[in-house]
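Spelled out from the first residue to the last, the chains are:
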Amino acid sequence: MGSSCGRVCWKWGSPLRRLPGFSRLLSTAALAPQICVVGSGPAGFYTAQHLLKHHRLARVDIYEKLPVPFGLVRFGVAPDHPEVKNVINTFTQTAHSDRCAYYGNVTIGKDVMVKELQRAYHAVVLSYGAEDNRILGIPGENLSGVYSARAFVGWYNGLPENRDLKPDLSSETAVVLGQGNVALDVARVLLSPLDILRKTDITEGSLAAIACSKVKRVWLVGRRGPLQVAFTIKELREMINLPGTRPLLDPADFTGLGDVIKDIPRPRKRLTELMIKSAREKPGEKEAALWASATKEWGLKFQRSPLEVLPATDGKQARGIRMAVTRLEGSGESARAVPTGEVEELECGLILSSIGYRSLPLDSSIPFDPKLGIIPNSLGRVQGAPGLYCSGWVKRGPTGVIITTMNDSFDTAQSVLEDLQTGVLNLSNSKEGFKSVRSILHSRGVHPVTFSDWEKIDAAEVARGKLAGKPREKIVDPQEMLQLISH
Amino acid sequence: MAAPVAAGGGTVTRRLLLGAAGGLRLRPARGFRTAGGLQVEDETCTAEPAGDVVNVVFIDRSGRRIPVQGRVGEDVLRLAQRHDIELEGACEASLACSTCHVYVSQELLDKLPVPDEREEDMLDLAPQLQENSRLGCQIILTKELEGAEFTLPKITRNFYVDGHVPKPH
C-alpha cells in the first residue's frame, strides 16, 4: 500500500524544481485524490483500506470525535469476545500506510463542518455509525432501573459518555427487551462468572459493580416468536454453555416447529434446531449436572410486547413490566406481532431495552431520513450531494456483523473509485486536504490526536491491564487520555 | 488440536483464556506479537512456509484465475494473503468472523475434513452461502488438494476499477 509516483516526485522535486518543464511532473502529484472519512470504526477503516489499495495515489484522512479509534470494535464488541477485536490489527496496518492519517478528538459538525471538509477534500465519506438507540415510547421508560442496552454496553466497555451510568443491579430479576446479539451480550455479561470477566478488558469500574450485583435471572423478551429471533447461533450456543447458569426454555414455545423449519434456509434452520433441542431434549449427564448446580438462570419469553414499566411505591424505581400477549400474523421474517388483548406482568428491577441502535443527523447540511435513520443514498453515494458518500450503519441501518460492514464499505469505496475514474470527482480542482483543515482546527483551538498519540494511549492501557491480568485497562476519561499525550 | 502454549505475552494469555468464554482456537493466530516462545510472523512477512508444494488456483472476485503454489500444512487464508489475493481475515483465523469465506470445487469438498460445528456457525453468517462454502482459514493444504480451485464470492460490484492486475505466479 505504499505510495509511488507522488512520493518519487517529492523526493526529486527540490533540486529539479528549477528546471524548465518540471512543473508538469509536479502537477502529477496534484492529481492525488484527497479523501476523508468521518468515523474510525470498521466502516471508516474498511472504506479507507479499499480506497488505498485500489488507488495508487489517493490520500485518505480518517476523522474521529473521540481521541481513540475503532468505534464499536472497541466500544461495542463484548469484553469476552476478544477474537472479534483482532480486526484492529488490520485497521492498524491501514493507519500506518503513508497515504493514510488518523485525526482523533475532532468532532465533525462542531469543530469543523461537512461543508468545510468538502472544500478541503475531493470526496467525503460519512461512516459515523449509530450513536443513539430506539426508544420504547412507553410509560415508565424513564424510571430508575431502566436503561438502553446501548448505554449499558457503553458502560462496561468504557465509552466515555456512559461511564457514570451507575446501573442499579440490586434486583434478582432483569428483563432485556429484544432478542438480538446485543441482548445476549448484556445477559451474558450480567450472568458470567466473575473469574471469566475479570480477565477481559471490561472496565475496572463496571467489573466492581457487577461483582456486587444481585442479578440472578435474566429474561430476554421478544414481541414475536422463536422463528424471528435476531441473535445468531454462535452467541446462543455460548449462552447455553455459560458456566454457572441454566437455560429456562419453555418446550411449549417450540411445539410443532420441527416440521416448519424443514425447508427453510440453513442459518435459520440450524439456529431454530438448537433452540428446540435445548428446550425439548433431555440434557446429557454432564449438562444436567452443570444445570443442577447452577446459581443463575436465563430464559427466552416470546410474543410479549412491552406496554408499561411499573413503578415501585416510591414512584421512582421500576418494579416490573406490563406486557401485551401477542399472536403472529404472517410468517418468517415478515411476521407481525398483533396484541391479543391479554396482558401479563413480570416482576423485575432492571430493564434493558435492546431494540436497536439509531443514527443521528451529523450536520444540518447533510440529507438524513429520520424515519429510516439513515443517510439517503444509492450505492453509497449520498443523494443530491455530489462528493459525499456514506458507508456502514449510517448507510444501511444498524444491523449486521463485521463482514456485512466490510462488504458495504468496499462497495462505497467502489463508488468513489468509479467516480474518480469517470471524472465525476474532478481531480483538476486541486484540494488541500488536511492542510486546510489543520488551520481551521487551530483557529478553533482543537488539537487532533494522531495515530501515534493513540499508540501511546494504547501502550498505557495495555501496561495497566498487565498489572491486573487483563489485556488492557481502558481509560474512560477523555481528559486523562489527552493529558497522557500532553495535549 | 490445542493451540501451543507459551508463557508470558499478554496477547497470548488472552487468546488461550478463550477456553473459558468462547472455546479454544484451533491454531495459533497469524500476525500477532508475543513475548513468549510461540512461533509468530508479523503481518508483512511473506516468507514461504516449509512443506511440500501444493499447486492450487484462486479465482478472484472479478473472475480472474490466479495459480499459486502453497505448502502442505498452510491454510488457504494465509496462502491467499501471501500472494496478495484479496481475501480478508478480520478475526485472524479465530472462527469469529466469515470474511475468509471461499467456494471450493465440488470434488474438493469431499476431500476436505467435515467442518467443525464452530465453522458451520460462522458460515451461517456469510453472505451468498452455498453448499460448497468453507472458511479459508480452516482449509489446510494437503497433497490431496493438488489442483484445487478456490473461488472468492463476488461481494461488491465490479472490482478493479483502477485496472489493477494482481501478480500471477
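Residues numbered from 1 in each chain as written. Chains lettered and ligands numbered in written order. Predicted model: local features only at pLDDT ≥ 70, side-chain atom pairs only at ≥ 80, totals over all residues. Heavy atoms only, no water.

Explain empty space enclosed by the protein to me, please; I cannot follow it from the model alone.
The probe, sized like a water molecule, is rolled over the atoms to show the empty space still left. Applying the stated criterion across every chain yields a total of two cavities of 30 Å³ or more. Of the voids in this model, the second largest cavity is the one considered here, and its volume is about 30 Å³. Lining the second largest cavity are Ile403, Met406 and Asn407 of chain A together with Arg61, Thr99, His101, Pro153 and Ile155 of chain B. Residue contributions to the lining of the second largest cavity peak at three residues, all from helix α16 (residues 402–422) of chain A. Looking at the lining of the second largest cavity residue by residue, the classes come out as four nonpolar, three polar and one charged. (1 Å grid on protein atoms, 1.4 Å probe; cavity = no way out; pocket = protein on both sides within 12 Å on 5 of 7 lines; lining within 4 Å. Points joined across faces, edges and corners; volume = space filled by probe spheres on them. Helix = DSSP H or I, 4+ residues; strand = E, 2+ residues; numbered from the N terminus. Nonpolar A, V, L, I, M, F, W, Y, C, P; charged D, E, K, R; others polar.)

Which parts of the structure should I look at to understand helix α10 (residues 204–211) of chain A?
Residues lying three or four places apart along an α-helix face the same way, a consequence of the helix completing one turn every 3.6 residues. Residues and elements named next belong to chain A. Every buried residue of α10 is accounted for by Ser206, Leu207 and Ile210. Buried residues of α10, seen end-on, are gathered within an arc of 105° and therefore sit on one face of the element. Where the residues of α10 are buried, they touch α7 (149–156), α8 (181–191) and α9 (194–197). (Buried < 20%, exposed > 50% of the residue type's maximum accessible area, 1.4 Å probe, protein only. Arc of directions from axis to C-beta. Contact = heavy atoms within 4.5 Å.)

Quick question: what am I supposed to make of the confidence of the model for chain B here?
Parts of the prediction with low pLDDT should not have their coordinates interpreted in detail. Residue and element names in this part refer to chain B. Chain-level pLDDT for chain B is 76 on average; 64% of the residues reach the 70-or-more range. Mean pLDDT across the elements of chain B bottoms out in helix α2 (residues 18–21) (37) and peaks in strand β4 (residues 133–135) (98). Counting contacts from residues 159–169, a segment whose pLDDT is below 50, to residues more than four positions away or on other chains yields 30 contacts. (pLDDT = per-residue confidence, 0-100.)

Where do I start with the side chain of Ser415 of chain A in this structure?
Along the polypeptide, Ser415 of chain A turns up in helix α16. Leave out the neighbours within four places in its chain, and Ser415 of chain A touches Leu379, Arg381 and Tyr389 of chain A together with Arg157 of chain B.

Please explain the UniProt feature "domain: FAD/NAD(P)-binding" (unreviewed entry) in chain A as it appears in this structure.
As annotated by UniProt and renumbered to match this structure, "domain: FAD/NAD(P)-binding" (unreviewed entry) occupies residues 34–190 of chain A. Secondary structure within residues 34–190 of chain A divides into 33% helix and 18% strand; the distance between the first and last C-alpha atoms comes to 46 Å. (UniProt positions renumbered as here; feature names shortened; annotations may be inferred.)

For this particular structure, what's the right way to read the interface of chain A and chain B?
Every contact between the two is made by 40 residues of chain A and, on the other side, 37 residues of chain B. In total, chain A and chain B occlude about 3,800 Å² of area from one another, counting both sides; carbon and sulfur atoms represent 54% of this. Here chain A and chain B share six salt bridges between them. Taking the shortest distance from any N to any O, the salt bridge between Arg270 of chain A and Asp121 of chain B comes out at 2.9 Å. Summed over the shared surface of chain A and chain B, the number is 13 residue pairs in polar contact (both at pLDDT 80 or more). Elements that contribute at least two residues to the side of chain A that touches chain B include exactly α3 (42–54), α5 (87–95), α11 (233–240), α13 (266–280) and α16 of chain A. Tallying contributions element by element places α16 of chain A first for the side of chain A that touches chain B, with eleven residues. By residue class, the composition of the side of chain A that touches chain B is 15 nonpolar, 13 polar and twelve charged. (Buried area = accessible area lost by both parts, 1.4 Å probe. Salt bridge = Lys/Arg side-chain N within 4 Å of Asp/Glu carboxyl O. Polar contact = N/O pair within 3.5 Å; in protein donor to acceptor, adjacent residues only side chain to side chain.)

Help me understand the UniProt feature "binding site: NADP(+)" (unreviewed entry) in chain A, please; the structure alone is not making it clear to me.
All names here are of chain A. Under the UniProt annotation, "binding site: NADP(+)" (unreviewed entry) lies at Gln179, Gly180, Asn181, Val182, Arg223, Arg224, Glu235 and Gly400. Here Gln179 is to be found in the loop between β7 (173–177) and α8. Discounting residues that sit within four places of it in the chain, Gln179 has contacts with Leu220, Val221, Gly222, Val229, Ala230, Phe231, Leu300, Lys301 and Phe302. A polar side-chain atom of Gln179 sits 3.1 Å from the main-chain carbonyl oxygen of Leu220. Within the fold, Arg223 resides in the loop between β8 (217–221) and α11. Looking at Arg223, the relative accessible area reads 51%, which means it is exposed. Excluding anything up to four places from it in sequence, Arg223 contacts Gln303, Arg304, Ser305, Pro306, Thr326 and Ala337.

When you look at unusual backbone geometry in this model, what are you seeing that I'm missing?
Glycine aside, residues mostly have negative phi angles, and peptide bonds mostly take the trans form. All names here are of chain A. Here the phi dihedral of Lys166 falls at roughly 45°; this positive angle occurs in a residue that is not glycine. Among the structural elements, Lys166 can be located in the loop between α7 and β7. Here Ser486, not a glycine, exhibits a phi torsion of approximately 55°, which is positive. Note that Ser486 resides in the segment after α19 (478–484). Note on Ser486: relative accessible area 65%, which makes it exposed.

Sorry if this is basic, but what is going on with the nonpolar core here?
One broad trend across soluble globular proteins is that nonpolar side chains are buried collectively. Residues and elements named next belong to chain A. Within the largest apolar cluster, 50 residues are counted, with the highest numbers of intra-cluster contacts made by Ile35, Tyr46, Val60, Phe70 and Val416. With eight residues, α16 is the largest single contributor of residues to this core. Apart from the residues lying within four places of it in its own chain, the contact partners of Phe70 are Ser40, Gly41, Pro42, Phe45, Ile88, Phe91, Thr92, Phe451 and Trp454. Formed by 49 residues, the second largest nonpolar core is a distinct cluster that contains Leu169, Phe231, Leu271 and Phe302. (Core = buried A, V, L, I, M, F, W, Y, C linked by side-chain atoms within 4.5 Å.)

How should I be thinking about the sheet that holds strand β1 (residues 53–59) of chain B in this particular structure?
Hydrogen bonds between backbone groups are what pair the strands of a sheet, and the pairing can be parallel or antiparallel. Residues and elements named next belong to chain B. Read across the open sheet, the five strands follow the order β2-β1-β5-β3-β4; overall the sheet is mixed. Two strands in the sheet have a free side with no partner beyond their single neighbour: β2 (65–71) and β4. The sheet shows a mean angle of 40° between the axes of neighbouring strands, taken without regard to direction. Bridging between strand β3 (residues 101–104) and strand β5 (residues 149–151) involves two bridges; their strand directions are antiparallel. Bridge pairing links Val104 to Phe150 in β5. (Pairing = 2+ DSSP bridges. Axes fitted to C-alpha atoms, helices over the stretch in contact; angles between N-to-C directions.)

Explanation requested: the packing of α3 of chain A against α5 of chain A in the structure shown.
Any two packed helices are characterised by the angle at which their axes cross and by the distance between the axes. Residue and element names in this part refer to chain A. Look at α3 against α5: their axes get within 10 Å of each other, and the N-to-C directions meet at 50°. Between α3 and α5, the angle falls in the class oblique. The chirality of how α3 crosses α5 is left-handed. Across the interface between the two elements, Pro42, Phe45, Tyr46, Ala48, Gln49 and Leu52 of α3 pack against Val87, Thr90, Phe91, Thr94 and Ala95 of α5. (Parallel < 35°, antiparallel > 145°, perpendicular 65-115°, else oblique. Left-handed = near helix turned anticlockwise from the far one by under 90°.)

Could you clarify how one ought to interpret the environment of Gly256 of chain A in this entry?
Residues and elements named next belong to chain A. Summarising the element assignment, Gly256 is placed in the loop between β9 (245–248) and α12 (257–260). Residue Gly256 is classed as partly exposed on the basis of its relative accessible area of 42%. Considering only alpha carbons, one finds Gly256 and Asp201, 55 residues apart in sequence, at a separation of 42 Å.

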